[in-house]
Amino acid sequence: MAKVELLNNHTHRAVKVQPGAAARYGDNQRFVAVIAGEFPHLAAHYPILLTKDQDTGAFFIGAMLGFDENENLFLDESGMQTYRPLNLQRGAFFTAGNEVAIDLDNPRIDDGGKPLFTDEGEPTQYLQSIMALFRDLKPGLEMTRVFVETLVRSKLIEPIDIDLAFDDGTKRQLTGLYTINQDVLRALPDANVVDLFRRGYLQLIYLMIASLKQVPALARRKNDALLKATSLLNT
Amino acid sequence: MIHPVQNIVIVGGGTAGWLTAGVIAARHQGRIQAGTFSVTLIESPNVPIIGVGEGTWPTLRTTLEKMGVSETELFRHCDAAFKQGARFAGWTTGEKDDGYYHPLMLPQGFTQVNLVPHWLENEQGRSFCDAVTPQGALCDDGLAPKAITTPEYQAVANYAYHLDAGKFAPFIQKHCTMKLGVRHVLADVQSVNRAENGDIKSLTTEQAGEIAGDLFVDCTGFRSLLLGQAMGVGFKACNDVLFCDTAMAMQVPYESADAAMASHTISTAHSAGWTWDIGLPTRRGIGYVYSSRHITDEKAEEELRRYIGPQAKGLTPRKIPIRSGHRETFWKNNCVAVGLASGFLEPLESSAIVLVELSAKLIAEQMPANREVMDIVASRFNDVNHYRWGRIIDFLKLHYVLTKRPEKFWQDNTDPATVPDRLKNLLHLWKFQPPWFFDEFDRIEEVFPAASYQYVLYGMGFRTEVIAGDNNGTRSAAASYLNENIAMTRKLRTQLPKNRDLVKKIHQYGLQPI
């Protein structure tokens, strides 16, 4: 159960938080919601795809980090060596209005972690970096939501089926994922294209298309992991 | 000289009129936008609309999608809910546990293998419905046929809608006039002006003067102002087959705002007819359809109130006469009837709106290019419609003929003199071979496919003799479909949300278009 409280330098003066990436801290996610501002960082490593919120059916955009439940193929003993999406970086923190909140039941709350406040009660550099993160993340979520709405309304989304067969003989069939419909994109009237360009959406759309090249790369990563697991079993 | 057909005039602003306008206008949108084709709907500002039935068929999903209507908006504006079929309670014996489903999903592998003889060979205490489709179990659990993540108009389990017909017509009207370019004229028709060849030349209206057209669609309801009155086409009653001639309806509130809402129509047999019970989000629509030759209005109202229980207190039923039958011809000269103007049958299988859709589609797709070829299209339209009405009458009668109920109404229904010959022959045949593809129910737009006959027959205890050894060739295929059904039933029961919960979510978040 989450125990979320608004952060203040009295109650939480002594709280320490582990900032690093690890499976036990919840970085083991195969699909992480992202914002448009992250696309240039993401496209270099991960497929950027859409999926539906199971509770509302609404589309949202995320980075695909793995294929199986709780699988982040970019996570190793020392953390994530590639770009770490803001939604993982924020760890135990949330926003409530303009304030930062913390989930005190989060496994990152750990005496070996980094302090949030100095002895004088000032935010530490770490907490300042979290506050800066939310200054990007919060408006970014709204901006991304409007971008997604535009994609849906313009019929620019289509389902993508990812069927993979790995060298250990296992298969993965991923459903419920969506990407840019390039046929619709190519057929857009000029006026709509200019509108998408002016709003900065055209670049986002092409980053999403380019990121599809990361699907086979991610599959290779998975294949290597599976083979490594099999050879370990055999020795 | 060739007389092109370019101006369509529809009279009547109920469900039939607006659906027909929408289907025709959507199909001919290109010409409407080019200004070479028009659809005009004339609606009397003074005639009240009869909300025909509140049950629909899955065809409505395709019809609305083709018209460009948003399914989310349908749920929000028409008080719509999901319908996965009907449960017939008490039709066979009237005992407490007597009931069966007519679901909307086909039996598993229906196009590959007929599961009936395989089920008959080894029933294992399961009903035919539960053996071949998950849908009865989904209805038992009050589940929706899809999830919030399923796109608009797509199904996990096949479905239609329960909706408020009084809200549906204005909803479609708005779409027709705002999006599809249908002209809406509020006027009373005073006279129908005929040409020398008997065609309708124009209509004189009280408020909008004379309105000319090339094809006139009669959607004026029971009055049948154009085809019946002006063109003099007679009415063919079928009350010798289907006895019910009166309906008594009530709109019943739920006990609480979040009470369970059934995702199927509940049709319950009574002493001289049956009740429909349709769950909309805001209320239940309940009505008793009965034969006035077998029960008095007072006694019928008593049975209706007993069925509803305490929720009926303080409610006044609305009495609606039912005239079962149809026009002798449906399209004459340049006049075609759709909806109640073409005929009506008791709403036992929600056939009213689906017939409107099928007729509208046929008119839209076969729209004669000119007057010279119109009679050819008309003759084909009439053939198809005679076939459809005949099959629906047969299918409705099927629900009655297998009963073992002792009341006079039910016993009279089993009198062979009241059973159409075609149905009588089929019932004889089905004792020795189960219905499937070879029963002629294989027309492209068959209203009730062979699967529907299977559900009703075997739901009511009818049994077909299985010839020993006849199943050997298809046994392994059948076994895999029967097993697949068990797995699918288990999976869907855990995955699908409750009917009311999903409708609430659709109001709140909407369904995605893809």
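Remember, it's a predicted structure, so these values are computed and weren't measured experimentally.

Trainee: Just to check I follow, could you spell out the overall build of chain A for this structure?
Mentor: Secondary structure assignment for chain A yields seven helices and 14 strands. With respect to the principal axes defined by its C-alpha atoms, chain A has extents near 60 × 60 × 30 Å. Here chain A holds 235 residues, and the buried ones make up 25% of them. The contacts in chain A between residues at least 6 apart in sequence include a share of 72% that link residues at least 24 apart.

Trainee: What am I meant to see in the overall build of chain B here?
Mentor: Helix and strand counts for chain B stand at 17 helices and 21 strands. Here the C-alpha radius of gyration of chain B, 23 Å, is about what a compact globule of 514 residues would show, namely 24 Å. Principal-axis analysis of the C-alpha atoms gives chain B an extent of 70 × 50 × 50 Å. Buried residues in chain B amount to 48% of all 514 residues. Pairs at least 24 residues apart make up 77% of the contacts formed inside chain B by residues separated by at least 6 positions.

Trainee: Looking at this structure, how should I read the interface of chain A and chain B?
Mentor: Interfaces are often sized by the accessible area lost when the parts come together. Facing nine residues of chain A, the contacting portion of chain B comprises seven residues. Class assignment for the residues of the side of chain A that touches chain B results in four nonpolar, three polar and two charged.

Trainee: Please explain the pairing of strand S1 (residues 7–11) of chain B as it appears in this structure.
Mentor: In the case of a regular strand, side chains alternate between the two sheet surfaces. All names here are of chain B. Extensive coverage of S1 is indicated by the burial of four of its five residues. Taken together, the four bridges between S1 and strand S11 (residues 215–218) define a ladder with parallel strand orientation. Looking across to S11, one finds that Ile10 is bridged to Val217.

Trainee: Looking at this structure, how should I read the packing of helix H1 (residues 15–27) of chain B against helix H8 (residues 165–179) of chain B?
Mentor: A pair of packed helices is captured by two measures, namely the crossing angle of their axes and the spacing between those axes. Residues and elements named next belong to chain B. Interhelical geometry of H1 versus H8 gives an angle of 30° and a closest axis separation of 9 Å. It follows that H1 is roughly parallel to H8 by the angle criterion. In this structure, H1 crosses over H8, and the sense of that crossing is left-handed. For the pair H1 and H8, the contacting residues are Thr15, Trp18, Leu19, Ala21, Gly22 and Ala25 in the first and Ala165, Phe168, Ala169, Ile172, Gln173, His175 and Cys176 in the second. A breakdown of the residues in the contact of H1 with H8 according to their chemical character gives nine nonpolar, four polar and no charged.

Trainee: What's the story with the sheet that holds strand S10 (residues 209–212) of chain B in this structure? I'm lost.
Mentor: Pairing between the strands of a sheet is mediated by backbone hydrogen bonds and can be parallel or antiparallel. All names here are of chain B. Within the open sheet, the three strands sit side by side as S8-S9-S10. Their pairing is antiparallel. The open sheet has two edge strands, strand S8 (189–194) and S10, and neither has a second partner. Pairs of neighbouring strands in the sheet enclose a mean axial angle of 25°, with direction left out of account. Note that S8 and strand S9 (residues 200–205) share five bridges and pair antiparallel. The residue of S9 that forms the bridge with Arg194 is Ile200.

Trainee: Would you mind showing me how to read the sheet that holds S11(B) here?
Mentor: In space, the six strands of this open sheet follow the order S7-S2-S1-S11-S20-S19 (chain B), with mixed pairing throughout. What marks the edges here is a single partner per strand, and that holds for strand S7 (183–186) and strand S19 (331–332) of chain B.

Trainee: Please explain unusual backbone geometry as it appears in this structure.
Mentor: Both trends apply: most residues other than glycine have a negative phi, and most peptide bonds are in trans. Backbone geometry at Lys155(A) places phi at a positive 60°, although glycine is not the residue there. You can see Lys155(A) is positioned in the loop between helix H3 (125–153) and strand S11 (157–159). Of note in this structure, Asn333(B) is not a glycine but carries a positive phi near 50°. With respect to the helices and strands, Asn333(B) occurs in the loop between S19 and strand S20 (335–337).

Trainee: Teacher, can you tell me more about H3(A) here?
Mentor: For an α-helix, 3.6 residues make a turn, and residues three or four places apart therefore share a direction. Residue and element names in this part refer to chain A. If you check H3, its first and last C-alpha atoms are 42 Å apart, about what 29 residues at 1.5 Å a residue would give, namely 42 Å. Largest kink in H3: about 30°, centred on Gly140. Those residues of H3 not exposed but buried are Leu127, Ile130, Leu137, Thr144 and Leu151. The elements touched by buried residues of H3 are strand S5 (59–64), helix H2 (86–89), strand S8 (93–96), strand S9 (99–103) and S11. Following H3 by one or two positions, Lys155 adopts a phi angle in the positive range, close to 60°.

Trainee: Quick question: what am I supposed to make of the confidence of the model for chain B here?
Mentor: The share of residues in chain B with pLDDT of 70 or more is 98%, and the mean pLDDT across the chain is 95. Taken together, the chains of this predicted complex give a pTM of 0.92 and an interface ipTM of 0.84.

Trainee: Looking at this structure, how should I read the pairing of S11(B)?
Mentor: All names here are of chain B. Side chains Leu215 and Val217 of S11 all project onto a buried face; the interleaved residues Phe216 and Asp218 project onto the opposite face, where all are buried too. The sheet contact formed by S11 and S20 spans three bridges and is parallel. Directly across from Asp218, in S20, lies its bridge partner Ala337.

Trainee: What am I meant to see in the nonpolar core here?
Mentor: If you look at soluble globular proteins, the nonpolar side chains tend to sit buried side by side. If you look at the biggest cluster of nonpolar residues, it comprises 145 residues, and the most contacted ones within it are Ile10(B), Ala21(B), Leu226(B), Val336(B) and Val338(B). When residues in this core are grouped by element, the largest group, 10 residues, is from helix H12 (residues 371–401) of chain B. Those residues within four positions of Val336(B) in sequence are excluded, and the remaining contacts are Val217(B), Asp218(B), Phe330(B), Trp331(B), Ile363(B) and Phe381(B). By size, the runner-up hydrophobic cluster in this structure holds 28 residues, among which are Leu73(A), Leu137(A), Leu156(A) and Ile205(A).

Trainee: Just checking my understanding: could you explain the environment of Val192(B) for this structure?
Mentor: Residue and element names in this part refer to chain B. Tracing the sequence through the fold places Val192 in strand S8. Taking C-alpha positions, Val192 is 6.4 Å from Thr204, a pair spaced 12 residues apart along the chain. When residues no more than four places from it in sequence are discounted, the contact partners of Val192 are Ile200, Leu203, Leu226 and Ala230.

Trainee: Looking at this model, I keep getting lost on the environment of Leu75(A). Mind explaining?
Mentor: Residues and elements named next belong to chain A. Checked against the element boundaries, Leu75 lands in strand S6 (residues 75–76). Judged by local crowding, Leu75 falls into the buried class, with 21 C-beta atoms found within 10 Å. In sequence terms Leu75 and Gly200 are 125 residues apart; their C-alpha atoms lie 31 Å from each other. Leaving out residues up to four positions away in the same chain, Leu75 has contacts with Ala21, Ala23, Asp27, Asn28 and Met80.

Trainee: Help me understand the packing of helix H3 (residues 59–67) of chain B against helix H11 (residues 351–365) of chain B in this model?
Mentor: Residue and element names in this part refer to chain B. Where H3 meets H11, the closest approach of the two axes is 10 Å, and the angle between their N-to-C directions is 45°. One element, H3, and the other, H11, form an angle in the oblique class. Once H3 is placed against H11, the crossing between them reads as left-handed. Facing Thr59, Leu60 and Thr63 of H3, the residues of H11 in contact are Ile353, Val354 and Glu357. For the contact of H3 with H11, the class distribution of residues is three nonpolar, two polar and one charged.

Trainee: In this structure, what is going on with the environment of Leu88(A)? I would like to understand it.
Mentor: Secondary-structure assignment places Leu88(A) in helix H2. Leu88(A) has contacts with Ala21(A), Asp27(A) and Val32(A), leaving out every residue within four places of it along the chain.

How each quantity is defined
- Within each chain, residue numbers correspond to sequence positions counted from 1 in written order.
- Starting at A for chains and at 1 for ligands, labels are handed out in the order in which the entities are written.
- Where totals are concerned, whole chains, interfaces and linings use all residues; where local detail is concerned, this predicted model gives features only for residues with pLDDT of at least 70, and gives and counts side-chain atom pairs only at 80 or more.
- Each helix is a run of DSSP H or I of at least 4 residues and each strand a run of E of at least 2, with the numbering of both proceeding from the N terminus.
- Note on burial: count the other C-beta atoms lying within 10 Å of the residue's C-beta; 20 or more is buried, 12 or fewer is exposed, in between is partly exposed, and C-beta positions come from the backbone.
- Placing a C-beta atom from the backbone of each residue, one calls two residues in contact when those atoms lie within 7 Å.
- All radius of gyration figures rest on C-alpha atoms, and the globule criterion is 2.2 Å times the number of residues raised to 0.38.
- Amino acid classes used here: Ala, Val, Leu, Ile, Met, Phe, Trp, Tyr, Cys and Pro are nonpolar; Asp, Glu, Lys and Arg are charged; the rest, including Gly, are polar.
- When DSSP finds at least two bridges between two strands, those strands are taken to pair.
- The convention used is that axes are lines fitted to C-alpha atoms, helices contributing only their stretch in contact, and that angles between N-to-C directions extend from 0 to 180 degrees.
- For classification purposes, angles smaller than 35 degrees are called roughly parallel, those larger than 145 roughly antiparallel, those between 65 and 115 roughly perpendicular, and all remaining angles oblique.
- Two helices that cross are described as forming a left-handed crossing if the nearer one is turned anticlockwise from the farther one by less than a right angle, and a right-handed crossing if clockwise.
- Each helix should span, by expectation, one fewer than its residue count multiplied by 1.5 Å.
- Note that the bend at a residue is defined as the angle between axes fitted to the seven residues ending at it and the seven residues starting at it.
- The quantity called pLDDT is the predictor's confidence in a given residue, expressed from 0 to 100.
- Core membership is restricted to buried Ala, Val, Leu, Ile, Met, Phe, Trp, Tyr and Cys residues, and these are joined into a nonpolar core through C-beta atoms within 7 Å.

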